[in-house]
Amino acid sequence: MTLSEMLHHRRAMRHYSETPLDSGKVRQCLQLAQLAPSSSNMQLYEFYHISDKTALAQLAAACLSQNTATTAQQMVVFVTRQDLHRQRAKQVLSAVSDDLQRNTPMDKQTDRLKKLDGYYGKLMPFLYARGFGLLGMVRKLIAHSIGLFRPIATNVSEADLRIVTHKSCALAAQTFMLAMAEQGYDTCPLEGLDSRIVKRILQLPRGAEINMVVTCGIREAGRGIWGERFRLPFEQVYRKI
C-alpha cells in the first residue's frame, strides 16, 4: 500500500478475528517505530510487546475489558521513561560525538564537540530533571529572563517537559500503527485504562508512565469498525498564513 492507502485503510479496530499474528513482524514494526522523530533524539520511551495469553488477559481487564482488548491477539504498551533522561543523554552524546569525529573536518571538531557536550551533558539533564515542580520554576524564571532580550523556548516547566516526552512517544506509537497497516495488521490505540494496574502488570518503576496501549490483530469482516469515518470539514481545521 502507498502511504495514502495505509492512512485510509487504518481504522481503530474494536474487535479482532481469532487469526494469530506473526510476532516477528510486530517486532519489525516496533523497530520501524524507533525511526519516528524524538525531541532532541532523547528517545525517552520503551515498547512492551505482549503476546503471552495470561498477560493479555490481565491487560484486557486493566483496559476496562473493552472488546478491542479482550479480542486482541497481541498488545504493545508504549511507556515514557523521563526518569532515564541522564542515561539516554549520555548514549546520544556518545553516538553523535562519534559521528562528528568520523564525518566532520578536524578544524571544526573541537568547537562542535564542546557544543554537543554542553547540550547533552549539561542542558538536557537540567531540562528533564524533576524536583517537585521547583526545578521547573527555576527553569521558567531563567528562560523568561533571557526572553526579555532574545527569543527562547519558555515551555520548560516540569509539566512542559512531561508533555514533550509523551509527544515523542506518541509519534513512535503512530509510526508503529502505520507500519502495522503496511503488514495488513490492524490496531487500536487505547487511553481508557487503569494505568496503575498496567504498571503493576509490567512491573514498571515509579518514574515510568503509560503513554498508551495499542491492541493488535486482524479485522473480521463486518465487525470492529464503528461506522463510517468522520472527520471535521478540512477548512474548519486548516489555516494558511
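Shown above is the structure to which this text applies.
What counts and how
Residues numbered from 1 in each chain as written. Predicted model: local features only at pLDDT ≥ 70, side-chain atom pairs only at ≥ 80, totals over all residues. Heavy atoms only, no water. Helix = DSSP H or I, 4+ residues; strand = E, 2+ residues; numbered from the N terminus. Buried < 20%, exposed > 50% of the residue type's maximum accessible area, 1.4 Å probe, protein only. Areas by Shrake-Rupley, 256 points an atom, 1.4 Å probe, with all protein chains shown as cover. Lys, Arg positive; Asp, Glu negative; His and termini not counted. Charge placed at Lys NZ, Arg CZ, Asp CG, Glu CD. Pairing = 2+ DSSP bridges. Axes fitted to C-alpha atoms, helices over the stretch in contact; angles between N-to-C directions. Contact = heavy atoms within 4.5 Å. Core = buried A, V, L, I, M, F, W, Y, C linked by side-chain atoms within 4.5 Å. Salt bridge = Lys/Arg side-chain N within 4 Å of Asp/Glu carboxyl O. Phe/Tyr/Trp six-rings, centres within 6.5 Å; stacked < 30°, edge-to-face > 60°. Lys NZ or Arg CZ within 6 Å of the ring centre and 35° of its normal. Arc of directions from axis to C-beta. Polar contact = N/O pair within 3.5 Å; in protein donor to acceptor, adjacent residues only side chain to side chain.

Here the focus is the overall build of the protein chain. Of regular secondary structure, the protein chain possesses ten helices and four strands. Mapped in sequence order, the helices and strands of the protein chain form the string α-α-β-α-α-β-α-α-α-α-β-α-β-α. C-alpha extents for the protein chain along the principal axes are approximately 60 × 40 × 40 Å. For the protein chain, the residues scored as buried account for 41% of the 241 residues in total. When the accessible surface of the protein chain is summed, it comes to about 14400 Å², and 56% of that surface belongs to carbon and sulfur atoms. In the protein chain, 32 positive and 21 negative side-chain charges are present, and the distance between their average locations comes to 6 Å.

Here we come to the sheet that holds strand β1 (residues 45-50). Working definition: the strands of a sheet are paired by backbone hydrogen bonds and lie parallel or antiparallel to each other. Reading across from one edge, β1-β2-β4-β3 is the order of the four strands in this open sheet, with antiparallel pairing throughout. Two strands close off the open sheet at either side, each with one partner strand: β1 and β3 (186-190). The sheet shows a mean angle of 20° between the axes of neighbouring strands, taken without regard to direction. Taken together, the five bridges between β3 and strand β4 (residues 209-217) define a ladder with antiparallel strand orientation. Counted as the bridge partner of Pro189 is Val214 from β4. Across the sheet, helix α3 (residues 53-62) is in contact with β1 and β2 (74-80); its angle to β2 comes to roughly 65°.

The next thing to look at is the nonpolar core. With 23 residues, the main nonpolar core has Ile50, Met75, Val77, Val198, Ile210 and Val213 as its most contacted residues. Elements supplying a minimum of two residues to this core: α3, β2, β3, α9 (195-202) and β4. No other element matches α3, which puts five residues into this core. With residues near it in sequence (within four places) discarded, Ile50 still touches Ala55, Leu56, Leu59, Gln74, Met75, Val77 and Leu202.

Looking at the secondary structure, you find Arg10 in the loop between α1 (3-9) and α2 (23-33). Despite its burial, Arg10 pairs with no opposite charge; the closest candidate is Asp186, at 8.2 Å N-O. Among all residues touching Arg10, those that are not within four sequence positions of it are Met177, Arg229 and Arg231.

This model, assessed by the stated rule, comprises five aromatic pairs. On the basis of an interplanar angle of 20° and a centroid distance of 4.9 Å, the ring pair of Phe234 and Tyr238 is categorised as stacked. A relative accessible area of 53% means that Phe234 is categorised as exposed. Owing to a relative accessible area of 36%, Tyr238 belongs among the partly exposed residues under this scheme. These aromatic residues form a ring-pair network of at least three members: Tyr45, Phe47, Phe78 and Phe176. For Arg14, the ring lying beneath its charged end belongs to Trp226, and the centroid distance is 4.4 Å. The ring of Phe126 carries the charged tip of Arg139 above its face, separated from the ring centre by 6.0 Å.

A few words now on α3. Considered for burial, the residues of α3 that qualify are Ala55, Leu56, Leu59, Ala60 and Ala62. Down the axis, α3 shows its buried residues gathered within 155° of arc, on one side only. α3 presents Lys53 and Thr54 as exposed residues on the side facing more than 90 degrees away from its buried surface. Buried positions along α3 lie against β1, α4 (67-70), β2 and α9. Structurally, the start of α3 carries an N-cap: the backbone nitrogen of Thr54 is 3.2 Å from a side-chain oxygen of Asp52. Backbone geometry just after α3 places Leu64 at a positive phi near 65°.

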